[in-house]
Amino acid sequence: MPRFAANLTMMFNERPFLDRFAAAADAGFTAVEFLFPYDHAPDVVAAKLRAAGLTQALFNMPPGDWAAGERGIAALPGREAEFDAGVDTALTYAEATGVKRLHMMAGLVPADDPAANAAYRRAASVAAEKLAAKGLDLLLEPINGRDMPGYFLNDFDKAAEIIAGLKLPNVKLQYDVYHRQIIHGDVLVSLEAMLPIVGHVQIASVPKRNEPNTGELNDSAIFAALDRLGYDGFVGCEYRPAGVTEDGLGWLQPHLTR
Ligand SMILES: O=C(O)C(=O)[C@H](O)CO
Ligand SMILES: [Mg+2]
């Protein structure tokens, strides 16, 4: 049975962020993920998790100026000092929340720019080393160019190549089924092939990014494949509910363990 994590950036957002933890637990989730915790103090986020009895599955390292349109800075030449400081900030939140994996967003820069490629690999190795010292994994996620035009890491094979080239055991692939289907398709075969480097999975329907099993993919078959392959990580529910979050949770009921 996959361990589902509610994505509190997209789900339960009928209420303020800090109230979403309890709502996710009330709906039956035992884990959560979100994009960023940085608007709230680490102990405040940790207290919400604890009070709701939830495990923190994942969040992202600081992405640069999100409001101004930045989508990560790892591949942006010249932003190294800010990136390295952001890793330390993320680790403060990791210590408070107990999360075991962090996602590093690349940024909007051409994928074939040599300086961006060098910056990205440098960032990954610096972050991986700092995270390894705390027992955490670093996740790299390819994101489709329709949702995020100009995003540096837009190809699963490139992500796998970077991970292989780094040769650092705590650098893993964030396999978002939604992005995979839009970029390449071939979800089940690639999931099996890439499973040894997968550190986190995310799910949503395609093309609308709504609840599982409401789009062109058979998400139940994907969950069954994850079980059959022995995937024991989390499956982040990174979808936008089509209506009220709770009204769309019918798909989760067969997977609840409590
Ligand atoms: O957009 C996604 O799919 C993500 O998982 C990221 O965290 C980037 O926002
Ligand atoms: Mg994702």
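Keep in mind that this is a model prediction, so the values were computed, not measured.

A. Geometry of the overall build of the protein. Check the secondary structure of the protein and you find eight helices and eight strands. Computed over C-alpha atoms, the radius of gyration of the protein comes to 17 Å, within 12% of the 18 Å expected from 2.2 N^0.38 for 258 residues, which places it in the range of a compact globule. The principal-axis extents of the C-alpha atoms in the protein amount to approximately 45 × 40 × 35 Å. Within the protein, buried positions represent 55% of all 258 residues. A fraction of 75% describes how many contacts in the protein between residues 6 or more apart in sequence connect residues 24 or more apart. A total of about 10600 Å² of accessible surface is found on the protein, and carbon and sulfur atoms cover 53% of it. Charge separation in the protein, taken as the distance between the mean sites of 23 positive and 33 negative side-chain charges, equals 3 Å.

B. View of the site of ligand 1. Around ligand 1, the surrounding shell consists of Leu 35, Asn 60, His 103, Met 105, Glu 141, Ile 143, Gln 174, Asp 176, His 179, Gln 202, Arg 209 and Glu 238. Here Glu 238 contributes a side-chain N or O atom positioned 2.8 Å from an oxygen atom of ligand 1. The residue makeup of the shell around ligand 1, split by class, is three nonpolar, five polar and four charged.

C. Molecular detail of the coordination of the magnesium ion (ligand 2). With distances of 2.0 to 2.2 Å, the protein atoms coordinating the magnesium ion (ligand 2) are Glu 141 (OE), Asp 176 (OD), Gln 202 (OE1) and Glu 238 (OE). Geometry at the magnesium ion (ligand 2) is octahedral, judged from the six donor atoms that bind it and their angles of 77 to 173° at the metal. Spacing between the donor residues of the magnesium ion (ligand 2) along the chain follows E-x34-D-x25-Q-x35-E. Here the residue Glu 141 occupies a position in the loop between β5 (137–140) and α5 (156–166), and Gln 202 occupies one in strand β7 (residues 198–203), the gap between them amounting to 61 residues. Judged on exposure class, the residue Glu 141 and its partner Gln 202 are both buried.

D. Main features of the environment of Ala 204. The residue Ala 204 is located in the loop between β7 and α8 (219–228) in this model. By relative accessible area, which is 0% here, Ala 204 ends up buried. Ala 204 sits 121 residues away from Phe 83 along the chain, and the two C-alpha atoms are 29 Å apart. Filtering out sequence-adjacent residues up to four positions away, Ala 204 remains in contact with Tyr 178, Arg 209, Asn 210, Asp 219, Glu 238 and Tyr 239.

E. Spotlight on the pattern of salt bridges. Applying the stated criterion to the full structure yields 10 salt bridges. The salt bridge partner of Arg 122 is Asp 84, with a shortest N-O separation of 2.8 Å. Linking Arg 122 in helix α4 (residues 114–132) with Asp 84 in helix α3 (residues 80–97), this pair joins segments that are 38 residues apart in sequence. Across the pair Lys 130 and Asp 88 runs a salt bridge whose closest N-O atoms are separated by 2.9 Å. Taken together, the positions of Lys 130 in helix α4 and Asp 88 in helix α3 put the pair 42 residues apart, joining distant regions of the chain. The exposure class of Asp 88 is partly exposed, given its relative accessible area of 39%. Because the salt bridges share partners, they merge into one network encompassing Asp 147, Asp 176, Arg 209 and Glu 238.

Conventions adopted
Sequence order as written defines residue numbering, which begins from 1 separately in each chain. Chains carry letters and ligands carry numbers; both start at the beginning, A for chains and 1 for ligands, and go up in the order they are written. Local features in this predicted model are restricted to residues of pLDDT 70 or higher, and side-chain atom pairs are both shown and tallied only at a pLDDT of 80 or more, whereas totals for entire chains, interfaces and linings draw on every residue. Excluding hydrogens and water, the side-chain figures rest on all heavy atoms present in the structure. For the purposes of this entry, the term helix denotes a DSSP run of H or I that reaches at least four residues, the term strand denotes a run of E that reaches at least two, and both are numbered from the N terminus. Values of the radius of gyration come from C-alpha atoms, whereas the globule rule sets the reference at 2.2 Å times the count of residues to the power 0.38. The buried label goes to any residue with under 20% of its type's maximum accessible area, the exposed label to any with over 50%, and the partly exposed label to all in between, with areas taken from a 1.4 Å probe on protein chains only. Throughout, a contact is declared for two residues whenever any of their heavy atoms are within 4.5 Å. Computed with the Shrake-Rupley method and a 1.4 Å probe, the accessible areas treat only the protein chains shown as cover for residues. Residues scored as charged are limited to Lys and Arg (positive) and Asp and Glu (negative), so that His and the chain ends carry no count. By convention, the point assigned to a charge is CZ for Arg, NZ for Lys, CD for Glu and CG for Asp. We call a residue near a given molecule or strand whenever any one of its heavy atoms falls within 4 Å of it. Polar contacts, as counted here, are pairs of nitrogen or oxygen atoms within 3.5 Å of one another; within protein the pair requires one atom able to donate a hydrogen and one able to accept it, and residues that are adjacent in sequence qualify only if both atoms are side-chain atoms. The classification used treats Ala, Val, Leu, Ile, Met, Phe, Trp, Tyr, Cys and Pro as nonpolar, Asp, Glu, Lys and Arg as charged, and all other residues, Gly among them, as polar. In this listing, donors mean N, O and S atoms no farther than 2.8 Å from the metal, or 3.2 Å for Na, K and Ca; water is missing from the atoms, so a site can look incomplete. Angular criteria define each label, namely tetrahedral for four donors with all angles between 85 and 135 degrees, square planar for four and octahedral for six donors with opposite donors over 155 degrees apart and remaining angles between 65 and 115, and irregular for whatever fails these tests. We define a salt bridge as a side-chain nitrogen of Lys or Arg found within 4 Å of a carboxyl oxygen belonging to Asp or Glu.

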